[in-house]
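# Residue-level structural notes
Here is how the chains run, residue by residue.
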Amino acid sequence: MALLEIRDLKVTYRMPDLGIEVAALRGVDLDVDRGEVLGLVGESGSGKSTLAHAIMRILKPPAYLQSGHIYLDGVDILSLNESVFDKEYRWRRIAFVPQASQNALNPTMRVLDHFLDTARYHGLADRREVERRAAELLTATGLDPSRVLRLYPHQLSGGMKQRVLIALSLLLEPLLLILDEPTSALDVVTQASILKVISDINKKLGITIIFITHDISLTPSIAHKIAVMYAGKIVEVGPAEKVINEPLHPYVSALISSTPSLYADISMVRPIPGEPPSMTERMTGCPFWPRCPYAKDVCKGEEPVLYQIDNRKVACHLWRS
Ligand code: SF4
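Residues numbered from 1 in each chain as written. Predicted model: local features only at pLDDT ≥ 70, side-chain atom pairs only at ≥ 80, totals over all residues. Heavy atoms only, no water.

## Examining the overall build of the protein
Note the following rule: Secondary structure counts use DSSP, requiring at least four H or I residues in a row for a helix and at least two E residues in a row for a strand, with both numbered from the N terminus. Radius of gyration means the value over C-alpha atoms here, while the globule rule gives 2.2 Å times the residue count to the 0.38 power. Only protein chains enter the accessibility calculation, which uses a 1.4 Å probe; a residue is then buried when its area is under 20% of its type maximum, exposed when over 50%, and partly exposed in between. By the convention used here, residues are in contact when the closest approach between their heavy atoms is within 4.5 Å. Every accessible area reported is derived by Shrake-Rupley at a probe size of 1.4 Å, with residue values counting cover from the shown protein chains alone. Only four residue types enter the charge count: Lys and Arg as positive, Asp and Glu as negative, with His and the chain ends excluded. A charged residue contributes its charge at one atom only: NZ of Lys, CZ of Arg, CG of Asp or CD of Glu.
Across its full length, the protein holds 10 helices and 12 strands. Computed over its C-alpha atoms, the radius of gyration of the protein comes to 20 Å, within 12% of the 20 Å expected for a compact globule of 321 residues. For the protein, the C-alpha atoms occupy an extent of roughly 65 × 50 × 40 Å along the three principal directions. Taken over 321 residues, the protein has a buried fraction of 50%. Across the protein, contacts joining residues at least 24 apart in sequence account for 64% of those joining residues at least 6 apart. Total accessible area on the protein stands at roughly 15,600 Å², and carbon and sulfur atoms take up 53% of it. A gap of 3 Å separates the mean positions of the 36 positive and 37 negative side-chain charges of the protein.

In structure tokens form, the structure reads like this:
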């Protein structure tokens, strides 16, 4: 049994001003195994962050959960009452570092106080134990606790703040850590060091991680598995090296070809033609067909389901048997 199992998850945004509802997640199915790093990739608006918010149960109006199930360790967490979920699951079993969260650190509190405050909120009263654990986690993220615990957020660089947030998210020893674009707004060198931190904590602590990014080129170095989203659905999922080296879905192939790499010739970069579909308009068929060089008549009328191809899944009619 996978640690996290998501089944037919649908999230919709109500837009009363426009008199419409916009489907942000249109039936997501995804498994995340224990101890693995999943790279969750997609363009802006593909539904990655909405999926993270649904797992954390922090969707805010106008978004609402329409249907589906999320099982963590076999428990359907969407069926739990809010106080049980808040006390026993949110941060304790599933921790989340949202996008651009470096600015969420309280500028008036030292780093140690952030750890003590979080511990207090969750009923951990032993200050010595919290200090010991904070030092251990900061060390695991490559920071020197004897110095960093005394500092205020303004005394930290962007990369250090991100490391502190990752360490803080691990305080309650969660089973699953979700990092939403943890390397955005960081320079390339700092990005590489944060990727190493994520890989190290996965290896040292065995924690299961969902690493959300719009940049597929960041995933091969840390992800065991990659899931690619397009228009609110998973379109391909499988072992990282397979997805990167032999993508099955035309969109994933185009995404890889459109991504500049430090090692490849820049003239080989090919932008994806056209635009992602407008989620406010009714879609028929495969949402990628207006941009797809392989589109056939069936693609315009029928949306493909996820087909199992060896140890991968792909939503494309080309792979229908
Ligand atoms: Fe292209 Fe058709 Fe496959 Fe969609 S289903 S990705 S349009 S070939």
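## Quick look at the sheet that holds strand S2 (residues 20–32)
Where strands meet in a sheet, backbone hydrogen bonds hold them as pairs that are either parallel or antiparallel. The line we're drawing: Should DSSP find at least two bridges between two strands, the strands are regarded as paired. Between N-to-C directions, angles cover 0 to 180 degrees, with each direction set by a line fitted to C-alpha atoms, over the stretch in contact for helices.
Sheet architecture is open: four strands sit in the order S2-S1-S4-S5, paired in antiparallel fashion. Looking at which strands have only one partner, the edges of the open sheet turn out to be S2 and strand S5 (75–76). Across 10 bridges, the pairing between strand S1 (residues 4–15) and S2 is antiparallel. Counterpart to Leu 9 in the pairing with S2 is Val 28. Across the sheet, helix H1 (residues 48–56) touches S1, S2 and strand S4 (63–72), and the angle it forms with S1 is around 110°.

## Looking at the packing of aromatic side chains
Given two aromatic rings, one states the distance between the centres and the angle between the planes to describe the pair. Our working rule: Pairing of aromatic side chains requires ring centres within 6.5 Å, counting the rings of Phe and Tyr and the six-membered ring of Trp. Pairs whose planes differ by under 30 degrees are stacked, by over 60 edge-to-face, and all others tilted. Any Lys NZ or Arg CZ found within 6 Å of a ring centre and within 35 degrees of that ring's normal is scored as a charge over the ring.
Inspection of every chain in the model, using the stated rule, returns four aromatic pairs. Centre to centre, the rings of Tyr 230 and Tyr 251 are 4.4 Å apart; their planes meet at 50°, and the pair counts as tilted. Pair noted here: Tyr 230 is in strand S9 (residues 225–230) and Tyr 251 is in helix H9 (residues 250–257), with a separation of 21 residues, a long-range link. For the residue pair Tyr 230 and Tyr 251, the accessibility class agrees, reading buried in each case. The rings of Tyr 230, Tyr 251 and Phe 288 are connected pair by pair, giving a single aromatic cluster. We note Arg 57 situated over the ring of Phe 85; from NZ or CZ to the ring centre the distance is 4.6 Å. Between Arg 93 and the ring centre of Tyr 89, over which it is positioned, the NZ or CZ distance is 4.5 Å.

## Remarks on helix H4 (residues 127–140)
In plain terms, the rule: The span you would expect from a helix comes to 1.5 Å times its residue count less one. Side-chain atoms alone can form a polar contact between residues adjacent in sequence; in general such a contact is a pair of N or O atoms within 3.5 Å, and within protein one must be able to donate a hydrogen while the other accepts it.
The terminal C-alpha atoms of H4 lie 20 Å apart, and with 14 residues this matches the ideal 20 Å at 1.5 Å per residue to within 8%. Where the residues of H4 are buried, they touch helix H3 (111–121), helix H5 (145–148), helix H6 (158–169) and helix H7 (188–205). The opening residue of H4 is Asp 126, an N-cap whose side-chain oxygen sits 3.2 Å from the backbone nitrogen of Arg 128. The positive-phi residue at the C-terminal boundary of H4 is Gly 142, with phi of around 85°.

## Structural notes on the pattern of salt bridges
As a reminder of what qualifies: For salt bridges, the criterion is a side-chain nitrogen of Lys or Arg within 4 Å of an Asp or Glu carboxyl oxygen.
Tallied over the entire structure, the rule returns 20 salt bridges. Lys 225 is paired through a salt bridge with Glu 36; the nearest N and O atoms lie 3.0 Å apart. Residue Lys 225 is located in strand S9, and its partner Glu 36 is located in the loop between S2 and strand S3 (37–41); the two are separated by 189 residues in the primary sequence. Glu 302 is paired through a salt bridge with Arg 320; the nearest N and O atoms lie 3.0 Å apart. In this pair, Glu 302 sits in the loop between helix H10 (297–301) and strand S11 (307–309) while Arg 320 sits in the segment after strand S12 (312–314), placing the two residues 18 residues apart along the sequence. Exposure remark for Glu 302: the relative accessible area of 34% places this residue in the partly exposed category. Taking the relative accessible area as the measure of exposure, Arg 320 reaches 39% and is therefore partly exposed. Taken together, the shared-partner salt bridges in this structure form one network comprising Arg 57, Glu 82, Asp 86 and Arg 90.

## Concerning the pairing of strand S6 (residues 94–97)
Neither face of S6 is open: one carries Ile 94 and Phe 96, the other Ala 95 and Val 97, and all of them are buried. With four bridges connecting them, S6 and strand S7 (residues 176–180) associate as parallel partners. What sits directly across from Ala 95, in S7, is Leu 177.

## Notes on the domain arrangement of the protein
In plain terms, the rule: Where each domain begins and ends follows an automated or database-derived domain assignment. Here the quantity called buried area is the accessible surface, traced with a 1.4 Å probe, that two parts lose on coming together, added over both. All residues other than Ala, Val, Leu, Ile, Met, Phe, Trp, Tyr, Cys, Pro, Asp, Glu, Lys and Arg, Gly among them, are scored as polar; the first ten of these are nonpolar and the last four charged.
Each assigned domain of the protein is listed here: domain 1 (2–93 + 174–319) and domain 2 (100–173). Of note, the centres of domain 1 and domain 2, computed from C-alpha atoms alone, are 29 Å apart. In terms of surface lost to domain 2, no three residues of domain 1 exceed Arg 92, Pro 174 and Val 197, which account for 31% of the buried area on that side. Taken together, the connections running from domain 1 to domain 2 amount to zero salt bridges. Here domain 1 is connected to domain 2 by three residue pairs in polar contact (both at pLDDT 80 or more). Going through the elements one at a time, S7 and H7 are the ones with two or more residues in the side of domain 1 that touches domain 2. Counting residues per element, the side of domain 1 that touches domain 2 draws most heavily on H7, at eight residues. Broken down by class, the residue content of the side of domain 1 that touches domain 2 amounts to 13 nonpolar, three polar and four charged.

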